[in-house]
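So you can see what is in the structure, the chains are spelled out below.
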Amino acid sequence: MIQPFVRVAGAAAALPEENVDTDIIYPARFLLITARLGLGPYAFHDRRFHADGSEVADFVFNQPAWREAPILVAGANFGSGSSREQAVWALLGRGIRCVIAPSFGEIFQANCHRNGVLPITLPPEQVAALSADAVEARAFEVDLEAQAVTVAGKAPLPFTIDPERRRALLNGWDETATLLNAHGADIETFEGRHRRLQPWLFDAETDA
């Protein structure tokens, strides 16, 4: 199971640069860390810190208004590059639950869905407007039930998402739970028939 996504509200950090790849999000030298949890400090590490470990003052996540932002408004082709799932784990570790961009790296987008991060694809002009709102530190709300992004004082902006992905995120289902929900009855039918046709396999399993 993953953390369900229903709605998220708060500040949105703007990172309008295009082609931010997974090595920028989670540098390759940290891939030796195998834990899924606790990767938040490594997100955008080389953008956030100088070589001496001091913070880069003008990087968005180092600025007070956006240190705890749960939403990221990004440029096109966000999350391109390698398939490392740690890129999503690191974002999630920083508390980022939603990324809005004109386009995503395909594997990164799938990894977001698997881990409870909502990737929203919108036209470039809409993302540019949201990025401007983010820079002004306007309050955002992303509502997956309503499929809308709302900025304080503005009309909701609808977005689309695959119905199965939406259902899985709302319920906090990982891939296994999604499969069981969709095909649980078929799996039980198969297992029952298998036990009837080859009961000795299950008796041996019990004896072991």
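Source: prediction; values computed, not measured.

Asker: So what's going on with the state of the cysteines? Which residues, and what values?
Answerer: Taken as a whole and judged by the stated rule, the model has zero disulfides. Free of any disulfide, C98 has its nearest neighbouring cysteine sulfur in C112, separated by 9.2 Å. Here C98 falls in the buried class, since its relative accessible area comes to 0%. Classification of C112 as buried rests on a relative accessible area of 0%.

Asker: Kindly report on the pattern of salt bridges, identifying the contributing residues and their values.
Answerer: Overall, the coordinates contain nine salt bridges when judged by the stated rule. Across the pair R84 and D23 runs a salt bridge whose closest N-O atoms are separated by 3.0 Å. On the criterion of sequence distance, the pair formed by R84 in the loop between β3 (71-74) and α3 (86-93) and D23 in helix α1 (residues 22-25) is long-range, its members being 61 residues apart. The salt bridge partner of D133 is K154, with a shortest N-O separation of 2.8 Å. One end of the pair, D133, is in helix α5 (residues 124-135); the other, K154, is in the loop between β7 (148-151) and β8 (157-158), with 21 residues separating them in the sequence. Look at D133 and you get buried, because its relative accessible area is 5%. On the basis of relative accessible area, K154 is assigned to the partly exposed category, the value being 41%. Salt bridges linked by common partners bring D133, E136, R138 and K154 together as one network.

Asker: Requested: an account of the packing of aromatic side chains, with residues and values cited.
Answerer: Under the counting rule described, the total for this entry stands at eight aromatic pairs. Arranged with centres 6.3 Å apart and planes meeting at 75°, the rings of Y26 and Y42 form a pair that is edge-to-face. Here Y42 lies in the loop between α1 and α2 (45-48) and Y26 lies in the loop between α1 and α2, a separation of 16 residues in the sequence. Using a relative accessible area of 0% as the deciding quantity, one classes Y26 as buried. Judged by relative accessible area, Y42 falls into the partly exposed class, the value being 24%. Considering the side-chain rings of F78 and F108, the 5.4 Å spacing of their centres and the 80° angle between planes classify their relative orientation as edge-to-face. Separated by 30 residues along the polypeptide, F78 in the loop between β3 and α3 and F108 in helix α4 (residues 106-115) bring together distant segments of the chain. The pair formed by F78 and F108 is uniform in burial state, with each residue classed as buried.

Asker: Residues and numbers for the sheet that holds β8, please.
Answerer: Spatially, the four strands line up as an open sheet ordered β1-β6-β7-β8, and their pairing is antiparallel. Of all strands in the sheet, those with a lone pairing partner are β1 (7-10) and β8, marking the two edges. Here strand β6 (residues 140-143) pairs with β7 via four bridges, running antiparallel. Bridging across to β7, F140 finds its partner in V151.

Asker: Requested: an account of the packing of α3 against α4, with residues and values cited.
Answerer: Where α3 meets α4, the axes come as close as 9 Å, and the angle between the chain directions of the two elements is 50°. By the criterion of interaxial angle, the relationship of α3 to α4 is oblique. In the crossing of α3 with α4, the sense of the turn from one axis to the other is right-handed. Contacts between α3 and α4 involve A87, V88, W89, L91 and L92 on the former and, on the latter, F108, N111, C112 and N115. Along the lines of polarity and charge, the residues of the contact of α3 with α4 split into seven nonpolar, two polar and no charged.

Reading the values: rules and limits
- Residues numbered from 1 in each chain as written.
- Predicted model: local features only at pLDDT ≥ 70, side-chain atom pairs only at ≥ 80, totals over all residues.
- Heavy atoms only, no water.
- Disulfide = S-S within 2.5 Å.
- Buried < 20%, exposed > 50% of the residue type's maximum accessible area, 1.4 Å probe, protein only.
- Salt bridge = Lys/Arg side-chain N within 4 Å of Asp/Glu carboxyl O.
- Helix = DSSP H or I, 4+ residues; strand = E, 2+ residues; numbered from the N terminus.
- Phe/Tyr/Trp six-rings, centres within 6.5 Å; stacked < 30°, edge-to-face > 60°.
- Pairing = 2+ DSSP bridges.
- Axes fitted to C-alpha atoms, helices over the stretch in contact; angles between N-to-C directions.
- Parallel < 35°, antiparallel > 145°, perpendicular 65-115°, else oblique.
- Left-handed = near helix turned anticlockwise from the far one by under 90°.
- Contact = heavy atoms within 4.5 Å.
- Nonpolar A, V, L, I, M, F, W, Y, C, P; charged D, E, K, R; others polar.

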